[in-house]
Amino acid sequence: FPVENVRNFSIIAHVDHGKSTLADRLLEITGAIAKTKRNKQVLDKLQVERERGITVKAQTATLFYSHAGRTYLLNLIDTPGHVDFSYEVSRSLSACQGVLLIVDANEGIQAQTVANFFLAFESQLMIIPVINKIDLKNADPARVEKQIEMVFDIPKEECIRISAKLGTNIDEVLRAVVERIPPPNAGAADPLRALVFDSTFDHYRGVIASITLFGGKLQRGDKIMSSYTQKLYEVNEVGILRPDEYPVEKLYAGQVGYLIAGMKEVKEAQIGDTFYLQNHPVEPLAGFKPAKPMVFAGMYPVDQSEYSNLRKAVEKLTLNDSSVTVHRDSSPALGAGWRLGFLGLLHMEVFNQRLEQEYNASVIMTAPTVPYKALLSSSKLIKSRRGVQKSLVYIDDHRVMMQYLFPLNEIVVDFYDGLKSLSSGYASFDYEDAGHQAADLVKMDIYLNGHSVEELTTIVEKAYSAGKAIAERLKDSIPRQLFEIAIQAAIGSKIIARENIKAMRKNVLAKCYGGDITRKMKLLKRQAEGKKRMRKIGNVEVPKDAFIKILKRE
Ligand code: GTP
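Reference entry: report on the structure contained in this document. Owing to the predicted nature of the structure, the values given are computational and were not obtained by experimental measurement. (Residues numbered from 1 in each chain as written. Predicted model: local features only at pLDDT ≥ 70, side-chain atom pairs only at ≥ 80, totals over all residues. Heavy atoms only, no water.)

This next bit is on the sheet that holds strand 15 (residues 256-260). The eight strands are arranged 11-10-16-7-8-15-12-13 in an open sheet whose pairing can be described as antiparallel. A strand with exactly one partner marks an edge of an open sheet, and here the two such strands are strand 11 (232-234) and strand 13 (245-248). Strand-to-strand twist of the sheet, defined as the mean angle between neighbouring strand axes without regard to direction, takes the value 40 degrees. Pairing of strand 12 (residues 237-241) with strand 13 involves four bridges; the strand directions are antiparallel. Each bridged residue has a counterpart across the sheet, and for Ile 240 the counterpart in strand 13 is Tyr 246. (Pairing = 2+ DSSP bridges. Helix = DSSP H or I, 4+ residues; strand = E, 2+ residues; numbered from the N terminus. Axes fitted to C-alpha atoms, helices over the stretch in contact; angles between N-to-C directions.)

Rendered as structure tokens:
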């Protein structure tokens, strides 16, 4: 394919504005997937992605499109929409010359629309605004076009109105891609420069690296060097992603595809690394900032005998998600485990869910914390809110954009949920790191019948109210047991809140008097299974899912 017929682009949008649906339509219309697969959201490959309806990892697909007597090769690079995964977005954009910026015709511009616009704008990409969901009853595309003109300074004539769901105007989107987005600036005669923008691990074939060729060509048998590790490899296979791997003879400058070269660990194909031909060294391309974990939590097997299985599962999962950091850790109460770093709370939940679904693991996660630099002091100063307003801009008559400086700790767990319910779902939210700030904080411990609950040790500013709230929520989520349970929140040795759970005798067999023994066995078995999902603290049994629930404020 001549490079002037290649187009590399991404779709960016606020969460739920319809990226995956549009990607499906583009794949369909260009014949990359059959119409019968409709609505399957082909680019969302992971089970958690399908279940939660969100994109976690970027996927790539190559499409062929004929227009005005020319056949184009289009590389569509999918991007996740949730704030936790915005590092994936910038990574995907490095392989592109243009983006489709999707805006929901009903909701208009939202926080991540703005954040993603600036990512694309700073990378000097061609931006094509696409207004989606025009089929909705309350759709107001004219209002959204005005917003786009006002906030992004893009003339409203450049907006394309579509319904990804119904397939309206999809061809116009493809036409805009080939007409407005420039081809990649890369020469096949130049020396090889292959930028790694993603990598996954396959049990049979080893590492599969997604690459963009900024120069040269690549084929089986080529000897290539990593700029980062200086290791030498022989290429086994190259190909394009349609979206499944589809081997080809050669990849040329400007193309996006994959590379297999006998690498055994994703670390060997570092994201942001540049590969070049042996004996033809090149200046490595500007890489990416490594993803920076923002939320940390301890993870322990429910049963210590599961430790080595769990270790294998964590290793495999982190092979495909280099943004999770892992350090070994151990605690007197929970035994051997790890301290993991995540990009955000959703990222942590997704990781946890994948461990359970894909590796059948049963784990305890401790309360998520954010990094602090601590100077110990005895002050207990109580302020009501810790946010500081930075700016306020009116987007149109109905919408304002406000910037605040917040302690990360205040926003990781449930700030987003709270904001959504406060604004009846209208407000949206995005964040970036603003560095460390001084604050007066204390460490608060939680005890159940005198035993410390390490999962719930947190750093708080408003200790009295936080302690009271956690104690009350624990009271609601721990079932009554055979003895009374005392719940206490403490700072050092000082108790600041207390709740009691009354004793109760739970007789599961009470329901089936009469002598059906199989029914009794079944009930007892179910009770035993229920116990497995419990964690024992001292003599108290706590349901595992209680830990995350407790941290979310109502
Ligand atoms: P993330 O992958 O999480 O970023 O979400 P997304 O932006 O990919 O959104 P997705 O394509 O999953 O669409 C979100 C919801 O909007 C789904 O329920 C779609 O069926 C719906 N949707 C997408 N396009 C349209 C459209 O044109 N019209 C209507 N009515 N609904 C649409």
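Another aspect to go through is the packing of helix 1 (residues 19-29) against helix 6 (residues 170-180). The packing of two helices is summarised by the inter-axis angle and the distance between the axes. One can describe the packing of helix 1 onto helix 6 by two numbers: an axis separation of 10 Å at closest approach and a directional angle of 85 degrees. The orientation of helix 1 relative to helix 6 falls into the category roughly perpendicular. Listed contacts from helix 6 to Leu 22, Arg 25, Leu 26 and Ile 29 of helix 1 are Ile 170, Asp 171, Val 173 and Leu 174. For the contact of helix 1 with helix 6, the residue count by class is six nonpolar, no polar and two charged. (Parallel < 35°, antiparallel > 145°, perpendicular 65-115°, else oblique. Contact = heavy atoms within 4.5 Å. Nonpolar A, V, L, I, M, F, W, Y, C, P; charged D, E, K, R; others polar.)

Spatially, six strands are ordered 2-3-1-4-5-6 in an open sheet, and the strand pairing comes out mixed. Two strands lie at the open edges of the sheet, namely strand 2 (60-67) and strand 6 (160-161), each paired on one side alone. Relative to strand 4 (residues 98-104), strand 1 (residues 6-13) is paired through five bridges, and the arrangement is parallel. Paired with Ala 13 across the bridge in strand 4 is Ile 102. Strands in contact with helix 1 are strand 1, strand 2, strand 3 (70-77) and strand 4; relative to strand 1, the strand with the most contacts, it is inclined by about 150 degrees.

Attention now moves to the nonpolar core. By size, the foremost hydrophobic cluster in this structure holds 27 residues, and its most contacted members are Phe 9, Ile 11, Leu 22, Leu 26, Leu 74, Leu 100 and Ile 162. Residue assignment for this core shows that the elements contributing at least two residues are strand 1, helix 1, strand 2, strand 3, strand 4, strand 5 (126-132) and helix 6. The biggest single contributor to this core is helix 6, with six residues. When near neighbours in sequence (up to four residues on either side) are disregarded, Leu 22 contacts Ile 11, Leu 100, Ile 102, Ile 162, Ala 164 and Ile 170. Formed by 24 residues, the second largest nonpolar core is a distinct cluster that contains Ala 95, Val 99, Ile 109 and Ile 131. (Core = buried A, V, L, I, M, F, W, Y, C linked by side-chain atoms within 4.5 Å. Buried < 20%, exposed > 50% of the residue type's maximum accessible area, 1.4 Å probe, protein only.)

Summed over the entire model, instances satisfying the criterion amount to 12 salt bridges. In this structure, Arg 143 and Asp 140 form a salt bridge, with 3.8 Å as the shortest nitrogen-oxygen distance. Judged by its relative accessible area of 18%, Arg 143 is buried. Look at Asp 140 and you get partly exposed, because its relative accessible area is 31%. Between Lys 468 and Glu 472 there is a salt bridge, and its shortest N-O distance comes to 3.0 Å. Of this pair, Lys 468 and Glu 472 both sit in helix 11 (residues 463-477), four residues apart, which is roughly one turn of that helix. The network of salt bridges with common partners includes Arg 205, Glu 237 and Glu 245. (Salt bridge = Lys/Arg side-chain N within 4 Å of Asp/Glu carboxyl O.)

Given two aromatic rings, one states the distance between the centres and the angle between the planes to describe the pair. Applying the stated criterion across every chain yields a total of six aromatic pairs. Seen in terms of ring centroids, Phe 117 and Phe 121 are 5.4 Å apart; in terms of plane orientation they differ by 20 degrees. Their pairing is stacked. Of the two residues, Phe 117 and Phe 121 both sit in helix 4 (residues 111-122), four residues apart, roughly one turn of that helix. Members of the aromatic cluster, joined through ring pairs, are Phe 117, Phe 118, Phe 121 and Phe 152. (Phe/Tyr/Trp six-rings, centres within 6.5 Å; stacked < 30°, edge-to-face > 60°.)

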